[in-house]
Protein chains: 2
Amino acid sequence: MKFNDLDKTAAYKNLMNLAHAGGTAAFRLSAAMTAERVEKCTVPLAAGLNFNWAARPVNDEILKALAALSDEQELVSKYRSLSEGEIMNLTENRMVLHHLVRSPDGKSVTGKQVIGGDRDIGAFYLGELKRFKTFAEKVRSGVIKPAPDKTFTAVCQIGIGGSDLGPRAMVLALRNWAKAEGIRQLRAEFISNVDPDDASAVSSDLPLPETLFILVSKSGTTLETLTNELFVKNKLKKAGLDPAKHMVAVTSETSPLAKNSGYLDSFYIDDFIGGRYSSASAAGGVIMSLAFGGDVFAKFLAGANEADRAALEKDIFKNAALLDALIGVWERNFLGLPCTAVLPYSQGLSRFPAHLQQLDMESNGKRVNREGRPLAYCTGPVVFGEPGTNGQHSFYQLLHQGTDVIPLQFVGFAETQLRDDIEVEGSDSQTKLNANLAAQIAAFAMGKKDNSGAKEFPGNRSSSLIYGKRLDAYSLGALLAHFENKVMFQGFIWNINSFDQEGVQLGKVLAKKILQAKDGSCGDPVLDAYAGLLGIL
Amino acid sequence: MKFNDLDKTAAYKNLMNLAHAGGTAAFRLSAAMTAERVEKCTVPLAAGLNFNWAARPVNDEILKALAALSDEQELVSKYRSLSEGEIMNLTENRMVLHHLVRSPDGKSVTGKQVIGGDRDIGAFYLGELKRFKTFAEKVRSGVIKPAPDKTFTAVCQIGIGGSDLGPRAMVLALRNWAKAEGIRQLRAEFISNVDPDDASAVSSDLPLPETLFILVSKSGTTLETLTNELFVKNKLKKAGLDPAKHMVAVTSETSPLAKNSGYLDSFYIDDFIGGRYSSASAAGGVIMSLAFGGDVFAKFLAGANEADRAALEKDIFKNAALLDALIGVWERNFLGLPCTAVLPYSQGLSRFPAHLQQLDMESNGKRVNREGRPLAYCTGPVVFGEPGTNGQHSFYQLLHQGTDVIPLQFVGFAETQLRDDIEVEGSDSQTKLNANLAAQIAAFAMGKKDNSGAKEFPGNRSSSLIYGKRLDAYSLGALLAHFENKVMFQGFIWNINSFDQEGVQLGKVLAKKILQAKDGSCGDPVLDAYAGLLGIL
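Residues numbered from 1 in each chain as written. Chains lettered and ligands numbered in written order. Predicted model: local features only at pLDDT ≥ 70, side-chain atom pairs only at ≥ 80, totals over all residues. Heavy atoms only, no water.

Section: the overall build of chain A
A tally of helices and strands in chain A yields 18 helices and 15 strands. Relative to a compact globule of 537 residues, whose C-alpha radius of gyration would be 24 Å, chain A shows 24 Å and is just as compact. With the principal axes as the frame, chain A shows a C-alpha extent of 70 × 60 × 55 Å. Taking all 537 residues of chain A together, the buried fraction comes to 67%. Within chain A, contacts between residues separated by at least 24 positions form 74% of all contacts whose residues are at least 6 apart in sequence. When the accessible surface of chain A is split by element, carbon and sulfur atoms take 49% of a total near 17,100 Å². Across chain A, the mean location of the 58 positive side-chain charges is 2 Å away from that of the 60 negative side-chain charges. (Helix = DSSP H or I, 4+ residues; strand = E, 2+ residues; numbered from the N terminus. Rg over C-alpha atoms; globule rule 2.2 N^0.38 Å. Buried < 20%, exposed > 50% of the residue type's maximum accessible area, 1.4 Å probe, protein only. Contact = heavy atoms within 4.5 Å. Areas by Shrake-Rupley, 256 points an atom, 1.4 Å probe, with all protein chains shown as cover. Lys, Arg positive; Asp, Glu negative; His and termini not counted. Charge placed at Lys NZ, Arg CZ, Asp CG, Glu CD.)

A short note on the packing of aromatic side chains
Inspection of the entire model under this criterion finds 32 aromatic pairs over all chains. Seen in terms of ring centroids, Phe-132 of chain B and Phe-267 of chain B are 6.1 Å apart; in terms of plane orientation they differ by 75°. Their pairing is edge-to-face. With Phe-132 of chain B in helix H6 (residues 121-141) and Phe-267 of chain B in strand S9 (residues 265-269), this residue pair connects regions lying 135 residues apart in the sequence. Accessibility expressed as a relative area gives 0% for Phe-267 of chain B, which makes it buried. Plain terms: the ring middles of Phe-395 of chain B and Tyr-396 of chain B are 5.6 Å apart, the flat faces sit at 55° to each other, and that makes the pair tilted. Here Phe-395 of chain B and Tyr-396 of chain B have matching classes, each one buried. Among the aromatic side chains, those forming a connected cluster through ring pairs are Tyr-345, Phe-384, Phe-395, Tyr-396, Phe-410 and Phe-444 of chain A. The ring of Phe-124 of chain A is capped by Arg-119 of chain A, whose NZ or CZ atom sits 4.0 Å from the centre of that ring. Over the face of the ring belonging to Phe-3 of chain A we find Arg-370 of chain A, whose NZ or CZ atom lies 3.5 Å from the ring centre. (Phe/Tyr/Trp six-rings, centres within 6.5 Å; stacked < 30°, edge-to-face > 60°. Lys NZ or Arg CZ within 6 Å of the ring centre and 35° of its normal.)

Focus on the interface of chain A and chain B
If you look at the interface, chain A gives 134 residues, while chain B gives 134 residues. Counting the surface lost from both chain A and chain B, the interface buries some 11,100 Å², and carbon and sulfur atoms represent 64% of this. Summed over the shared surface of chain A and chain B, the result is 8 salt bridges. One salt bridge connects Lys-235 of chain B with Asp-420 of chain A, and the closest N-O pair in it is separated by 2.7 Å. Counting the contacts that link chain A with chain B gives 48 residue pairs in polar contact (both at pLDDT 80 or more). It is helix H15 (residues 429-446) of chain A that provides the largest number of residues to the side of chain A that touches chain B, a total of 16 residues. Its residues placed into classes, the side of chain A that touches chain B shows 62 nonpolar, 48 polar and 24 charged. (Buried area = accessible area lost by both parts, 1.4 Å probe. Salt bridge = Lys/Arg side-chain N within 4 Å of Asp/Glu carboxyl O. Polar contact = N/O pair within 3.5 Å; in protein donor to acceptor, adjacent residues only side chain to side chain. Nonpolar A, V, L, I, M, F, W, Y, C, P; charged D, E, K, R; others polar.)

A closer look at unusual backbone geometry
Among all residues except glycine, the phi angle is most often negative; among peptide bonds, the trans geometry is most common. All names here are of chain A. For the bond from Gly-388 to Thr-389, the omega torsion is 10°, close enough to zero to count as cis. Of note, Asn-93 is a non-glycine position whose phi angle comes to about 50°, a positive value. Residue position: Asn-93 is located in the loop between helix H5 (75-84) and strand S3 (115-116). At Asp-519, a position not held by glycine, the phi torsion is positive, near 50°. With respect to the element layout, Asp-519 can be found in the loop between helix H17 (505-515) and helix H18 (525-533). On the basis of relative accessible area, Asp-519 is assigned to the exposed category, the value being 84%.

Considerations on the sheet that holds strand S10 (residues 339-345) of chain A
Residue and element names in this part refer to chain A. Read across the sheet, 6 strands follow the order S1-S2-S15-S12-S10-S11 without closing on themselves; strand pairing throughout is mixed. In this open sheet, the two edge strands, each paired with only one partner strand, are strand S1 (42-46) and strand S11 (382-384). Taken over all neighbouring pairs, the strand axes of this sheet differ in orientation by 20° on average, direction set aside. Across 6 bridges, the pairing between strand S12 (residues 408-413) and strand S15 (residues 463-468) is parallel. Bridged to Gly-412 within S15 is Tyr-467. (Pairing = 2+ DSSP bridges. Axes fitted to C-alpha atoms, helices over the stretch in contact; angles between N-to-C directions.)

Overview of the sheet that holds strand S5 (residues 154-158) of chain A
Consider a sheet: its strands pair through backbone hydrogen bonds, and that pairing is either parallel or antiparallel. All names here are of chain A. Pairing within the open sheet is parallel, and its 5 strands lie in the order S6-S5-S7-S8-S9. In this open sheet, the two strands that pair with only one neighbour each are strand S6 (187-191) and strand S9 (265-269). On average, each strand axis in the sheet is tilted by 20° relative to the strand beside it, whichever way the strands run. Here S5 runs beside S6; their pairing, made up of 5 bridges, is parallel. Pairing of Cys-156 across the sheet is with Glu-189, part of S6. Where helix H7 (residues 165-180) meets the sheet, it contacts S5 and S6, and its direction lies at approximately 155° from that of S6. Relative to strand S7 (residues 211-216), helix H9 (residues 223-238) is tilted by about 160°, and along the sheet it contacts S5, S6, S7 and strand S8 (247-252).

A short note on the pairing of strand S12 (residues 408-413) of chain B
Residue and element names in this part refer to chain B. Here S12 lies mainly inside the structure; 6 of its 6 residues are buried. The alternating pattern of S12 places Leu-408, Phe-410 and Gly-412 and Gln-409, Val-411 and Phe-413 on opposite faces, both of which are buried. Here strand S10 (residues 339-345) pairs with S12 via 5 bridges, running parallel. Note that in S12 the partner of Val-342 across the bridge is Gln-409.

Points about the nonpolar core
Core analysis: the largest hydrophobic core is formed by 336 residues, its most contacted members being Tyr-530 of chain A together with Tyr-530 of chain B. Once you skip the residues sitting within four places of it in the chain, Tyr-530 of chain A turns out to touch Met-33, Val-38, Asn-52, Ala-54, Ala-55, Ala-438, Ile-441 and Leu-465 of chain B. (Core = buried A, V, L, I, M, F, W, Y, C linked by side-chain atoms within 4.5 Å.)

Comments concerning the pattern of salt bridges
Using the criterion set out here, one finds 58 salt bridges over all chains in the structure. The network of salt bridges with common partners includes Arg-56, Asp-324 and Glu-331 of chain A.

Points about helix H11 (residues 294-310) of chain A
Residues and elements named next belong to chain A. An ideal rise of 1.5 Å per residue puts 24 Å on 17 residues; H11 measures up with 24 Å between its terminal C-alpha atoms. Along H11, the positions that sit buried rather than exposed are Gly-294, Val-296, Phe-297, Phe-300, Leu-301, Gly-303, Ala-304, Asn-305, Ala-307 and Asp-308. In this structure, the buried side of H11 is in contact with S1, H5, helix H6 (121-141), H7, helix H10 (282-292) and helix H16 (473-494). (Expected span 1.5 Å × (residues − 1).)

Some thoughts on the environment of Ala-178 of chain B
Relative to the assigned elements, Ala-178 of chain B resides in helix H7 (residues 165-180). It is 30 Å that separates the C-alpha atoms of Ala-178 of chain B and Lys-233 of chain B, two residues lying 55 residues apart in sequence.

Focus on the relation of the copies chain A and chain B
Here chain A sits on chain B after a turn of 180° about the axis and a move of 0.0 Å along it, with an RMSD of 0.0 Å. Interpreted geometrically, this transformation is the action of a two-fold axis. Considering only C-alpha atoms, the part of chain A nearest the rotation axis is Phe-384 of chain A, at 3.3 Å. When the interface residues of chain A are mapped onto chain B, 100% of them again fall at the interface, so both copies present the same face. (Least-squares fit on C-alpha atoms with pLDDT ≥ 70 in both.)

What to know about the side chain of His-98 of chain B
Structurally, the position occupied by His-98 of chain B is in the loop between helix H5 (75-83) and strand S3 (115-116). A residue is classified by how much of its surface remains accessible, and His-98 of chain B, at 1% relative accessible area, is buried.

Next comes the structure, spelled out in structure tokens:
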């Protein structure tokens with residue numbers, strides 16, 4: 001495999017010529033939009049989902065150049081290698097194996113065994129999956145209980161970042177669907193922030209005698225998580241409960257939390273699963289299996305695996321994640337657009353944008369290439385979003401009529417999750433929701449002329465649409481994997497390491513310095529001064 | 001008053017020269033950061049809050065030029081005129097009077113009576129405030145009740161956009177503080193999205209016989225809100241309850257909802273209160289007064305009014321909102337930075353960034369000046385954010401080491417809201433929280449050299465800090481008003497109308513077109529095609 005910076009590729013020059021020679025100006029999305037284009041520009045994603053890119057600013061010539069970029073940067077080959085255990089996280093000297101946790105046979109997505117040290121890693125992941133599935137069934141059936149006369153009715157995850165945002169978004173996404181399907185649920189809550197108001201508010205609202213806490217920290221050393229664990233343990237003790245009967249750990253086998261008598265059980269992940277890629281591992285699997293049952297989690301994994309297999313396809317017109325990644329790079333590097341909004345028209349996906357914000361910005365917010373050399377081009381964009389139609393009444397004003405163009409990623413479903421709807425003025429709410437979604441795409445792309453400047457819509461604003469029948473465990477898994485794979489492909493294009501996060505270290509070091517201050521000073525006058533403003537020094 | 005586009009001002013040329021002649025390159029924030037600078041660069045905001053701008057990329061020369069811009073664009077004069085009733089919302093031919101709803105004497109912030117038609121508008125707002133305060137006290141004391149044997153224990157607001165995001169963020173911000181202060185609370189929930197999964201999930205989790213719904217729609221015609229009202233009315237009827245005994249309306253006197261026997265009572269706002277500026281009006285006041293009592297809401301208004309008065313000061317070093325606005329424009333238009341992140345280190349402010357996202361992006365996401373002519377410079381930035389320390393484990397990677405610089409607005413408090421903390425390793429969680437906050441500001445500004453590219457932090461990344469003792473109703477009011485006034489000043493600088501939202505119209509029109517389709521077509525093939533993908537045509 002060859003690793004080249006984007007601006008050293010032949011495709012880059014070609015794409016830059018297209019952008020400068022009128023790729024932007026000559027190709028007018030508003031003029032290109034036809035019903036035929038909408039119908040033609042769809043790629044199956046996985047699990048019944050489809051990716052439609054009709055309203056993104058690309059024509060055949062641009063797409064041909066993007067396909068050449070894909071070939072030149074060997075995107076699919078790199079994905080294959082990554083999945084088979086090549087050390088792709090160079091700074092940390094680690095394999096990148098989140099695809100393997102959703103493999104049904106414990107083999108890579110290409111069908112190979114993955115060995116680390118003397119261990120079959122896929123078998124290890126399958127073993128943990130089986131262990132926590134069994135554990136969850138025992139908790140749900142009352143075999144494992146906090147006291148002879150009690151069963152667990154609630155679970156609460158203590159974790160932050162990757163141990164929080166993904167699992168939280170997934171649980172929220174399945175709650176209403178599971179209710180409609182009659183799936184018995186344990187109440188599921190989360191504590192993450194080191195702000196004690198978080199742990200205090202959540203824990204005081206839980207039925208402590210019936211609550212199982214899930215402590216998630218791969219390293220077993222995350223400040224926020226360990227502090228919140230002690231916070232909760234104190235609460236349990238004050239309530240006359242034994243913390244060891246109310247806690248399980250998800251961690252690495254080498255962490256201080258492993259094989260620790262302070263927990264009912266421990267489930268393991270390893271260094272090959274990055275935090276933000278861990279929703280399908282035990283970090284997300286334990287709480288999903290406890291909350292909804294192991295069968296639901298299995299469907300989630302199946303959806304993700306289906307999307308992973310679809311991402312092996314070399315033809316960009318048959319690979320939704322690859323195509324999405326390439327068009328995103330066209331918008332970012334050749335049209336110069338710095339942000340992307342994720343806009344799910346589904347209340348269940350209310351925190352999905354916050355998870356993607358982490359996934360994308362922590363993975364690709366890098367200024368050096370994989371060898372550590374500064375790059376001369378832009379990498380990961382700012383990602384933000386809220387569910388529609390809420391966003392329409394909020395920040396869409398800027399999206400339609402602001403001075404910057406923000407590419408949009410819409411997600412929509414034909415059916416509701418709860419199947420509890422009302423007809424008003426001849427249509428139900430789900431139809432209104434989707435009429436709004438369709439209307440927005442057209443409004444952004446085509447705009448509207450008006451004699452009044454304030455009422456004019458410039459149009460030519462890019463969006464894509466991921467659509468499917470209904471948001472359930474299966475489609476959710478595919479949706480998540482689509483974005484993980486899109487982010488991975490973009491990292492390959494930019495020649496960066498999408499799997500480390502060195503940018504979180506400096507703040508940690510300086511915070512520790514302040515916390516170790518003596519006699520009102522940590523030795524750094526600027527830190528002292530800010531700590532003084534905040535009343536801690 | 002003179003209304004000039006920013007690029008037609010003398011100050012613009014001067015600032016552009018400073019930026020090009022080395023304002024960016026010559027002024028290195030990392031080199032300028034000293035304890036003295038941190039201590040010097042603080043302006044009192046209001047209600048005990050302070051605004052510290054030490055870590056923003058400005059020196060004396062730049063600030064002098066920004067002060068000249070403030071004078072040339074007559075920012076404070078325009079604010080005075082606005083508050084006194086000048087028609088500042090030209091496209092809608094409306095006054096802009098949200099400052100007046102928090103005036104304790106019903107006069108403008110400059111002390112003048114504001115007349116609209118033949119009415120004293122301040123007296124009208126004060127009258128409504130008194131009416132809903134009395135109503136709320138009657139509900140809280142059980143004088144107004146849903147049935148002889150029941151009292152109201154929960155309230156639920158049905159609204160969207162300005163009727164949702166601001167009030168929701170404020171209620172969340174006060175919940176924990178009120179609990180710690182022993183203030184009796186009615187449970188407060190919100191329904192906004194037209195996705196029926198929102199109304200169904202929220203309403204099925206509420207104790208309907210004891211719930212008072214607050215329908216908020218200024219026009220009384222908002223599709224989402226009216227649909228969700230009917231959804232809830234159906235639920236009430238199915239539960240054998242009379243909707244008219246479970247609902248109040250917040251609307252304009254001329255709307256279909258006014259003086260309507262379907263509600264226990266109606267409280268009025270008018271066209272001079274924009275949705276996103278309505279948190280301090282009845283749109284936020286009714287639910288805050290019901291949830292926490294009228295005295296809490298009065299403190300919130302007092303904090304906002306104090307910030308409004310502070311914003312009258314012409315000296316930019318004594319006016320936090322003005323200074324924040326000017327430095328923001330320096331970053332946006334002269335350093336070319338397209339985004340701003342809002343990062344509150346307080347769990348209570350978890351949805352405050354979502355409100356600011358609306359406030360800022362809907363107000364200043366405009367591409368034409370106040371007369372409707374296209375602008376040649378950038379206006380409002382993309383705004384996003386999540387509470388720290390959660391964000392640190394998510395998107396901060398990009399903020400520290402991404403290829404784009406994102407100016408940051410931090411908010412922090414010395415004390416917790418709940419006063420329920422734990423000491424671990426020699427410090428409590430609140431101290432850890434604030435140590436992280438102080439550390440982040442220093443890390444962003446000063447960076448860190450490293451031989452390994454991946455471990456290097458470029459620094460010179462802008463942030464400001466709003467800090468105070470504790471987040472309570474009083475400081476929250478000031479915090480909200482600060483950002484409202486900052487956005488207003490920036491709108492004046494850019495010479496745009498920050499008070500209309502024409503960009504929301506086109507989507508509404510096209511959605512309606514789809515909903516009125518006959519025989520499977522609405523007459524627009526592109527809309528038909530997208531509606532087809534989503535299963536509604």
